[in-house]
Amino acid sequence: MAFIKTSGQCKERFSLLLLDLEEYYFEQHIAYHVTNTSNTKRKIRGSFKVCSKSVIFEPEDVVEPILKIPLRDCKSIKAVKGSCHVFNETQPTGLSISCGQVYSIKASNVIAPYKIERGNNTFFFHLEATSKTEDVVQTLLQLQRASCLDKLADQTAMITANLQSRLARTSFDKNSFESVAEKTHMECKAEMVTPLVTNAGLVCITDENLYFQPLNGYPEQVVQIKLHKVRRIYKRRHGLRPLGLEVFCSENDFCSDIYLKFYDTCDRDELYYYIATFLENHTVEHTAESYMLQWQRGHLSNYHYLLHLNNLADRSCNDLSAYPVFPWIISDYTSTHLDLTSASTYRDLSKPVGALNPGRLERLLMRYKDMPEPRFMYGSHYSSPGYVLFYLVRVAPEHMLCLQNGRYDNADRMFNNIGETWRNCLEGATDFKELIPDFYGDDTSFLVNSLNLNLGRRQDGSWVGEVVLPPWAQDASDFLQKNRQAFESQYVSEHLHEWIDLVFGFKQRGCEAVVAHNVFHPLTYEGSIDCDRSVMDPDQRIAMLTQILEFGQTPKQLFTNPHPQRITPWVNMSQTASCNTALSPDLTERSGRMTWTNITSLKLLSSHKIHKEAVTGITVTQNGSAVFTTSQDSTLKMFSKESNVFQRSMSFSNMALSSCLMLPEDKAVVCSSWDNNVYFYSVPYGRRQDTLMGHDDAVSKVCWMNDQLYTASWDSTVKVWKCSCADMSRTKRSQLQLLAEFEHDAGVNTISLNPAGTLLVSGSKDGTASIWDTTTFALLHQVNCHTGTIHDIAFSPDSRHILSVGGDFCLKMLDVQTGMLILSLQAEEEQRCFCWDGNTVLTGGQSGDLLFWNLLSSKVTSRIPGHSGMVTAMWMNEQCSSLITGGEDKHIIFWKPE
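Residues numbered from 1 in each chain as written. Predicted model: local features only at pLDDT ≥ 70, side-chain atom pairs only at ≥ 80, totals over all residues. Heavy atoms only, no water.

### Considerations on the sheet that holds strand β30 (residues 768-773)
In space, the four strands of this open sheet follow the order β28-β29-β30-β31, with antiparallel pairing throughout. One side of each edge strand has no neighbouring strand; the edge strands of this open sheet are β28 (748-753) and β31 (778-784). Strand-to-strand twist across the sheet, computed as the mean angle between neighbouring axes with direction ignored, equals 20 degrees. Summarising the sheet, β30 and β31 pair through six bridges and their orientation is antiparallel. Within β31, the residue paired with Ile771 across the bridge is His781. (Pairing = 2+ DSSP bridges. Helix = DSSP H or I, 4+ residues; strand = E, 2+ residues; numbered from the N terminus. Axes fitted to C-alpha atoms, helices over the stretch in contact; angles between N-to-C directions.)

Spelled out as structure tokens, the structure:
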């Protein structure tokens, strides 16, 4: 679809696009345009529209042209009486306007460049409501004086005063309410924003509906939006000022139902929070991180992910200065066959358009070096109203005529040829534009001249008609289809994050932008200047705001760390040896098996109270017959799952045991204790076989992989021990060699290894998660992700992500490759332990219930009653067919998916 909503040959000829930019339409009157030619008097019935900078007369007969009379060109505006040769009445029933030029528009309802008639023109209009004539004349005289002021700021101030006066005298018509029982929450003044134009009016929100009442009654008396149909709302910057609010009544439509611009940020915020409160139980608020997760895991296409990012970054189809921006993907526009498997077919997504041509970049850098502060590399932007309409002129010609004062661009500068446009973006001195989403949609209307527009003749004599396509495209539909295929290709999936870094991410500004040759004019960036406070001269302020609207705007920055790469079946990551090892095919296959198809429906098999205090750890033999548990009562106990009876109990010290794990071949159980020690329990011999005294404070967690033992302690260290004994049941302290020690700033509460054993993550009491390379013992990332202690932490089966739960009631997800925090979910209660498959999480909470979370929708999908106290430990087998939980109530519960 075309993102600008247009209707081709409009049923209503008049639209706000006939106004100048930043002009307001105030009121209309039924009137007659009276002409007297060749002794024949004609009265043409139509609508007389009073605007802030012009008078527009729209005849009812579509053969007649619309007349637009600029007030600045008017020589006289006066009421006419019966003595005038065209009127018979004795009272002032009409008005006459003398002007130096007039625009003639859409004769016979054909969209074409405006015709300008210059000279001494006098127009006579007879208003049907004769009592309004004097008032209209006085209004026009006042607006004419404003239009003729020398200073732009004075003009704007006078017109704004007139507008605000009209709004102040107008009240919202409560007869427009859908129901008399509706209760009003607030009313305020605002403007409805559509591409290039705004329409002033009143906003009213009730407990059931959002209403907008245009001051002029155009295009309808009241716009109504039912609150229960609203699905998404976004705060917007309009002209880089925090005044906008956009409302969507669908999940997937990227054209909103209404875009409002307020005069006061407080009004905008109050309305936003009222609707947001209403939506709390109806919708889920998505973040850039939640969309990133869906995209990474293949649940969002490249196309839809970029649309979502544009939406979150204040890009709107209703604001051409902040229209959604998409990258050039294909660089081959000369071949007869498009090879989507060849990297040479694609544009380098790690560079902005301005840096793709080394020769041009060198010249730009020389200019940048000699430029005074504030310096910028590119004098034009990659997205602006002119660039958007350059692409869309065939489907939105009236927008182009509005932007360019009633003219099309020179025929040779129009959007004529895809290959020529790409070549100019590479070689042109000032052309650095990217694409728009329409290039990856399925609506071909912007490529063909279905309206039969006369767009001019080029220097070579050819008419501008349909866009010339590359040799590899059979027609416009084939061109868009191949564009979409390229956009979802393996190459783009592996490299799109590099372009996101430039446009929405950490290379958008600062020193990273300089290094990436990605520096644009300061006025294009959010927060670069506060026009309302820092620019005192009114003329300069208005000129700056106009430049901001017309020059283009850089999207809101969504990411401040490198964006993670997408997870694809082909995977080509080379950050570290650890990451490469972690992403081996067998793990991908294992991840595929862990679908948790039935896990969200658990059946309680049995519950057993086997400890005197809270359960702290659970481990199970390979065949699943014996379950070992540790507790704060300082005992390790063995429970027979087959006979459902408690069989063994072992006490190592008078302090709590904090965790346990089963060593390979079921020969020994390793237990950590608050007495600073690690204990080895021989399963075959039924006794403690050794004690490891390796820490200065409580040992909180132990892990094992590839003959290496990892011990975490509240003494702020994690230690790595190498075991040289082949028989795990005979392990002795002398056979454990200390290999490495990972230092932390706070006590370590939990640790976890990735499935390959090449990465370790530790969670500290201060809320910090640290990712370590176990092959080099190097710290890869350290992220402050929780405000309280981290209770549990674990890798996803494919080693791409890390999930943690903490004392701040939050679930946090990190990207392993970049260390970026990509998801944060707030729980209603503290969660102490969990299992997960990368998409679904099973957590144990303070209430004793088990909660299932869908990370892609950020929702709790089900809650299952479990323990009578906090869930403190959880174990699940690799096949996801058996689950055991332990709790503060001293019980262990056996569960099975139904």
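### A closer look at empty space enclosed by the protein
By rolling a water-sized probe across the atoms, one finds the places where empty space is left. Across all of its chains, the model carries six cavities of 30 Å³ or more by this definition. Around the largest cavity, the lining is made up of 14 residues, and of these Pro352, Tyr382, Val503, Asn518 and Phe520 lie nearest the centre. (1 Å grid on protein atoms, 1.4 Å probe; cavity = no way out; pocket = protein on both sides within 12 Å on 5 of 7 lines; lining within 4 Å. Points joined across faces, edges and corners; volume = space filled by probe spheres on them.)

### Description of the confidence of the model for the protein
Confidence in the prediction for the protein averages 88 pLDDT; 90% of positions are at 70 or higher. Taken as a whole, residues 83-87 scores under 50 in pLDDT and shows 15 contacts with residues more than four places along the chain or in a different chain. Segment residues 570-595: pLDDT under 50, and 44 contacts once partners within four positions in sequence are set aside and those in other chains are kept. (pLDDT = per-residue confidence, 0-100. Contact = heavy atoms within 4.5 Å.)

### With respect to the side chain of Glu58
Counting through the fold element by element, Glu58 comes out in strand β3 (residues 54-59). Overall, the relative accessible area of 17% leaves Glu58 in the buried class. Polar contacts involving the side chain of Glu58 include one to the main-chain amide nitrogen of Phe14, which spans 3.3 Å. When residues no more than four places from it in sequence are discounted, the contact partners of Glu58 are Arg13, Phe14, Gly46, Ser47, Lys49 and Ile66. (Buried < 20%, exposed > 50% of the residue type's maximum accessible area, 1.4 Å probe, protein only. Polar contact = N/O pair within 3.5 Å; in protein donor to acceptor, adjacent residues only side chain to side chain.)

### Some thoughts on the pairing of strand β37 (residues 840-845)
In terms of residue burial, β37 counts as a mostly covered element, since six of its six residues are buried. With five bridges joining them, strand β36 (residues 831-836) and β37 adopt antiparallel strand pairing. Among the inter-strand pairings, Gln831 is bridged to a residue of β37, identified as Gly845. Here β37 pairs with strand β38 (residues 850-854) via five bridges, running antiparallel. Its bridge partner being in β38, Val841 is matched across the sheet by Trp853.

### Quick notes on the packing of aromatic side chains
Taken as a whole and judged by the stated rule, the model has 39 aromatic pairs. Centroid distance Tyr440 to Phe487: 4.5 Å. Interplanar angle 25 degrees. Geometry classified as stacked. Of this pair, Tyr440 sits in the loop between α9 (418-427) and α10 (476-487) while Phe487 is found in helix α10, placing the two residues 47 residues apart along the sequence. Overall, the relative accessible area of 0% leaves Phe487 in the buried class. Between Phe742 and Phe777, the ring centres sit 6.2 Å apart and the planes meet at 50 degrees, which makes this aromatic pair tilted. Highlighted residues: Phe742 in strand β27 (residues 736-743) and Phe777 in the loop between β30 and β31, separated in sequence by 35 residues. Note on Phe742: relative accessible area 1%, which makes it buried. For Phe777, a relative accessible area of 30% translates into the label partly exposed. In this structure an aromatic cluster arises from ring pairing among Trp328, Tyr333, Phe390, Tyr391, Phe415, Trp422, Phe439, Phe446, Trp472 and Phe479. (Phe/Tyr/Trp six-rings, centres within 6.5 Å; stacked < 30°, edge-to-face > 60°.)

### Describing unusual backbone geometry
Between Tyr218 and the following residue, Pro219, the backbone shows a cis peptide bond with an omega angle of 0 degrees. Here Pro219 lies in the loop between β10 (209-214) and β11 (223-226). Cis geometry is adopted by the peptide bond preceding Pro374, which originates at Glu373 and carries an omega value of -5 degrees. Although it is not a glycine, Ser716 sits at a positive phi angle of roughly 75 degrees. Here Ser716 shows up in the loop between β25 (708-713) and β26 (717-723). For Ser716, a relative accessible area of 15% corresponds to the buried category. You will see that Ser799, though not glycine, has its phi angle at about 65 degrees, which is positive. Looking at the element boundaries, Ser799 is found in the loop between β32 (790-795) and β33 (801-806).

### Here's the deal with helix α3 (residues 265-279)
Between its first and last C-alpha, α3 extends 21 Å over 15 residues, near the 21 Å set by a 1.5 Å rise per residue. Every buried residue of α3 is accounted for by Arg268, Leu271, Tyr272, Ile275 and Leu279. Mapping the buried residues of α3 onto a view down its axis gives an arc of 100 degrees, with all of them on the same face. Summarising the geometry of α3, the exposed residues directed more than 90 degrees from the buried face are Cys266 and Thr277. Packed against the buried residues of α3 are β8 (184-194), β9 (197-206), β10, β12 (232-238), β13 (241-248) and β14 (258-262). (Expected span 1.5 Å × (residues − 1). Arc of directions from axis to C-beta.)

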